[in-house]
Amino acid sequence: MSSRSSSSAPTSGAPESVLGAMAPPGQAPPHPVPASAPLAHGQAPELALDPAPDQVLAGLAEAVARRRNFAIISHPDAGKTTLTEKLLLYGGAIQQAGAVKAKGEQRKVTSDWMELEKQRGISITSTVLQFDYAGSTINLLDTPGHQDFSEDTYRTLAAADNAVMLEDAAKGLEPQTRKLFEVCRMRQIPIFTFINKMDRPGREPLELIDEIEKELNLACWPVNWPIGSGDRFRGVIDRRSKQVILFARAERGKQSVERTLAWNAPELAELVEPDLLALALEELELLDGAGADLDMELVHAGELSPVFFGSAMTNFGVRPFLDAFLELAQKPVARQSSQGAIDPLRPGFSGFVFKLQANMDPRHRDRVAFVRVCSGKFEKDMTVQHARSGRSIRLSRPQKLFGQDREVVEDAYPGDVIGLNNPGMFAIGDTLYVGPRIEYEGIPCFSPEIFSWLRNPNPSAFKSFRKGVNELREEGAVQVLYDTDQSKRDPILAAVGQLQLEVVQYRLEHEYGVETRLEALGFTVARWVIGGWPALETVGRIFNCKTVRDAWDRPVLLFKNQWNLNQLSEDHPDLQLSAVAPVVSGVEPIAL
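Residues numbered from 1 in each chain as written. Predicted model: local features only at pLDDT ≥ 70, side-chain atom pairs only at ≥ 80, totals over all residues. Heavy atoms only, no water.

*Asks:* Please clarify how the overall build of the protein chain should be interpreted in this entry.
*Replies:* Of the regular secondary structure elements, the protein chain holds 14 helices and 33 strands. Out of the 592 residues in the protein chain, the part that is buried amounts to 57%. Of the roughly 24,600 Å² that the protein chain leaves accessible, carbon and sulfur atoms contribute 49%. (Helix = DSSP H or I, 4+ residues; strand = E, 2+ residues; numbered from the N terminus. Buried < 20%, exposed > 50% of the residue type's maximum accessible area, 1.4 Å probe, protein only. Areas by Shrake-Rupley, 256 points an atom, 1.4 Å probe, with all protein chains shown as cover.)

So, in structure tokens, the structure goes:
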């Protein structure tokens, strides 16, 4: 969650490395920081100091046009991590893809870096995977596949320009997919649908398309159409080129062998069963008869979803999807800020922190802030303003991220994600910028459903316990609440699912050397009080709920069930409650 400063950031400050202390506001720098101005639509970019050379702006525009940024959303077990690995394989980022449930000598997946992920065969953290393919630079924001970690996915979607909705051909729409789709719709993110596992028995393609259109109120335009399914899945027909792409099974982890023919090529009769081809062509006639067009304005507004069919496990349809996605997906777009929409071609660098992660490299016990670049060109060693504190920071060791692997990056452009060393100065939602002050919209917290005391049975380990709890709260691994009785020092962990709490315990033990106990509280609903403590005091004594403080010292009411919440709302209709935590303004969080 963002903590915002209500005062304007100073236009000067002493730049210091992020590995050291930040310069106090108001101290004069040895060199002025270049100023830049946000652009109105169609306005030529200008710098407040020296005009940006044409070639610099042309280079920025070319870099932005080359970039594609997306996240994959899905229900658990729909094949998200497998698809991620295969996209990396086709992008040339890895030489061999590994399935999640690795056996024997089969390699582990690139996107799952945490030891617990490897043990359980699931994705429980977000990471970033950048690779080049066909002249484009792709930033794939990998998200947790487990429903208990949906809030981490919400934050990642704040940094995404496009979303790929992955669906199991046998199961169709599932609850987690629906929930994440609503977040995409709220943010008007273009959605590309990949119907996976076509090599297994599944539902009819027309039925799957109809379900998406009716239940999500999302129009669909199949870019390709499957020939057969299950063990008779032979390939796809591209609707735009009228070409048939046939697949042959490849060696495990390698790219599949493809053969491309015209849809009416005579040799098709020898390669594909006539009944399968006839059915696919008949269904395509039905789609063409519907008369819908692939309207790119509707696609980029999130109102029309291009649909693809394939099998990530066998690599069938992965390359055709990647090629079409790069053509159809939107490039980095303007972002809303305190100064209106900020164009990516605005000369001054700006970006926001959407994720924090501690101990990605257990050898160094590091902390990394993930920053989405929104405008201008980022350069190593540049000095930026930190909007919340108003201080100047020199970004001396920016990193390009690829799962757990990192390398120092010299520059980055809108759509890219960079990693910054974070010695405790960054919070989720923080804005970094050069030039006139801007601040991007904050990232809210959502209502947790499970609450437990976190007990530290070993008082001598309190220092490590406190460090671990504070750092895991900073990165959003779990929400931390506190009892209103200040004598009760143990924190209350609040999460969407039980696995979140288990991961916190696991990481406290393995990364901070602290064993802990969880003691469940019997609550399932949390609501923030709009108006804070004064509004709560006006109501007086309330029943059937527990009042706690969040990390920003705001009142939160915990209820055993929805019925108790409804009863309070009836008894006190003037008391306004919110299921989403308000974005903070100019307040530092409470440390344990």
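Now that the structure has been shown, we can carry on.
*Asks:* Even after reading the chapter, I still don't get the pattern of salt bridges, so can you show me in this structure?
*Replies:* Should their charged atoms come close, side chains of opposite charge can pair. Per the stated rule, a full pass over the model turns up 28 salt bridges. Between E379 and K377 there is a salt bridge; the shortest N-O distance is 3.9 Å. Residues K467 and E471 are paired through a salt bridge, measuring 3.2 Å at the closest nitrogen-oxygen approach. Within this pair, K467 and its partner E471 are both found in helix α11 (residues 462-474), separated by four residues, close to a single helical turn. Within this structure, R232, R234, E273 and D275 form a network of salt bridges that share partners. (Salt bridge = Lys/Arg side-chain N within 4 Å of Asp/Glu carboxyl O.)

*Asks:* Before we go on, may I ask you to explain the nonpolar core in this structure?
*Replies:* Side chains of a nonpolar character, in soluble globular proteins, are inclined to be buried together. With 80 residues, the main nonpolar core has I227, F354 and F426 as its most contacted residues. Here this core gets six residues from one element, more than from any other, and that element is strand β16 (residues 367-375). Ranked by size, the runner-up nonpolar core spans 30 residues in total, among them L129, V164, L328 and A329. (Core = buried A, V, L, I, M, F, W, Y, C linked by side-chain atoms within 4.5 Å.)

*Asks:* What am I meant to see in the sheet that holds strand β32 (residues 577-578) here?
*Replies:* Sheets are built from strands that pair by backbone hydrogen bonding, the pairs being arranged parallel or antiparallel. Taken together, the eight strands give an open sheet; going across it, the order is β28-β25-β27-β26-β30-β31-β29-β32, and neighbouring strands pair in antiparallel fashion. Of all the strands in the sheet, just β28 (517-521) and β32 have a single pairing partner and so form its edges. Two strands pair when backbone bridges link them, and strand β25 (residues 450-455) and strand β27 (residues 492-495) are joined in this way by four bridges, in the antiparallel orientation. In the strand pairing of β27, S452 is matched with L493. (Pairing = 2+ DSSP bridges.)

*Asks:* Please clarify how the side chain of Q330 should be interpreted in this entry.
*Replies:* Locating Q330 in the fold gives a position in the loop between α10 (318-328) and β13 (335-337). Residue Q330 is classed as buried on the basis of its relative accessible area of 11%. Aside from chain neighbours lying at most four places away, what touches Q330 is R68, D161, N162, P190 and H300. (Contact = heavy atoms within 4.5 Å.)

*Asks:* When you look at unusual backbone geometry in this model, what are you seeing that I'm missing?
*Replies:* Residues other than glycine predominantly adopt negative phi, and peptide bonds predominantly adopt the trans conformation. Its identity as a non-glycine residue notwithstanding, A134 has a phi of 50°, on the positive side. In this fold, A134 is placed in the loop between β3 (127-133) and β4 (136-142). Residue Q188 is not a glycine yet carries a positive backbone phi of 55°. Within the secondary structure, Q188 is located in the loop between α5 (175-186) and β6 (191-196). Here Q188 falls in the exposed class, since its relative accessible area comes to 54%.

*Asks:* Honestly, the packing of helix α2 (residues 80-90) against α10 in this entry has me stumped. Any pointers?
*Replies:* For any two helices packed against each other, the geometry comes down to the angle between their axes and how far apart the axes lie. Running from N to C, α2 and α10 cross one another at 75°; their axes reach a closest spacing of 10 Å. By the angle between their axes, α2 is roughly perpendicular relative to α10. For the pair α2 and α10, the contacting residues are L83, K86, L87 and Y90 in the first and V318, R319, F321 and L322 in the second. (Axes fitted to C-alpha atoms, helices over the stretch in contact; angles between N-to-C directions. Parallel < 35°, antiparallel > 145°, perpendicular 65-115°, else oblique.)

*Asks:* How should the pairing of strand β30 (residues 546-549) be read in this particular structure?
*Replies:* Two faces, one strand: in a regular strand the side chains alternate between the faces of the sheet. As paired elements, strand β26 (residues 479-483) and β30 share two bridges and run antiparallel to each other. Within β30, the position partnered with D483 by the bridge is V548. Examined bridge by bridge, β30 and strand β31 (residues 555-559) share four bridges and lie antiparallel to one another. Directly across from V548, in β31, lies its bridge partner V556. In this structure, the hairpin formed by β30 and β31 is closed by a connection of five residues, where D553 is found at a positive phi of approximately 55°.

*Asks:* When you look at the side chain of K197 in this model, what are you seeing that I'm missing?
*Replies:* In this fold, K197 is placed in the loop between β6 and α6 (205-215). Once residues lying within four places of it in the same chain are set aside, the contact partners of K197 are D77, A78, G79, D168, A169, G310 and S311.

*Asks:* What am I meant to see in the packing of aromatic side chains here?
*Replies:* Any aromatic ring pair is given by two values, namely how distant the centres are and how the planes are angled relative to each other. Taken as a whole, this structure holds 12 aromatic pairs when the rule is applied. Note on F308 and F321: the rings are 5.0 Å apart at their centroids and 80° apart in plane angle, and the pair reads as edge-to-face. Taken together, the residues span a long stretch of sequence, with F308 in strand β12 (residues 304-309) and F321 in helix α10 at a distance of 13 residues. In this pair, the class of F308 matches that of F321, namely buried. Each member of the aromatic cluster is reached from another via a ring pair, and the members are F70, F192, F194, F308, F321 and F325. When the ring centre of F370 is taken as reference, the NZ or CZ atom of K355 above it lies at 5.7 Å. Taking NZ or CZ as reference, R473 lies 5.8 Å from the ring centre of W552, over its face. (Phe/Tyr/Trp six-rings, centres within 6.5 Å; stacked < 30°, edge-to-face > 60°. Lys NZ or Arg CZ within 6 Å of the ring centre and 35° of its normal.)

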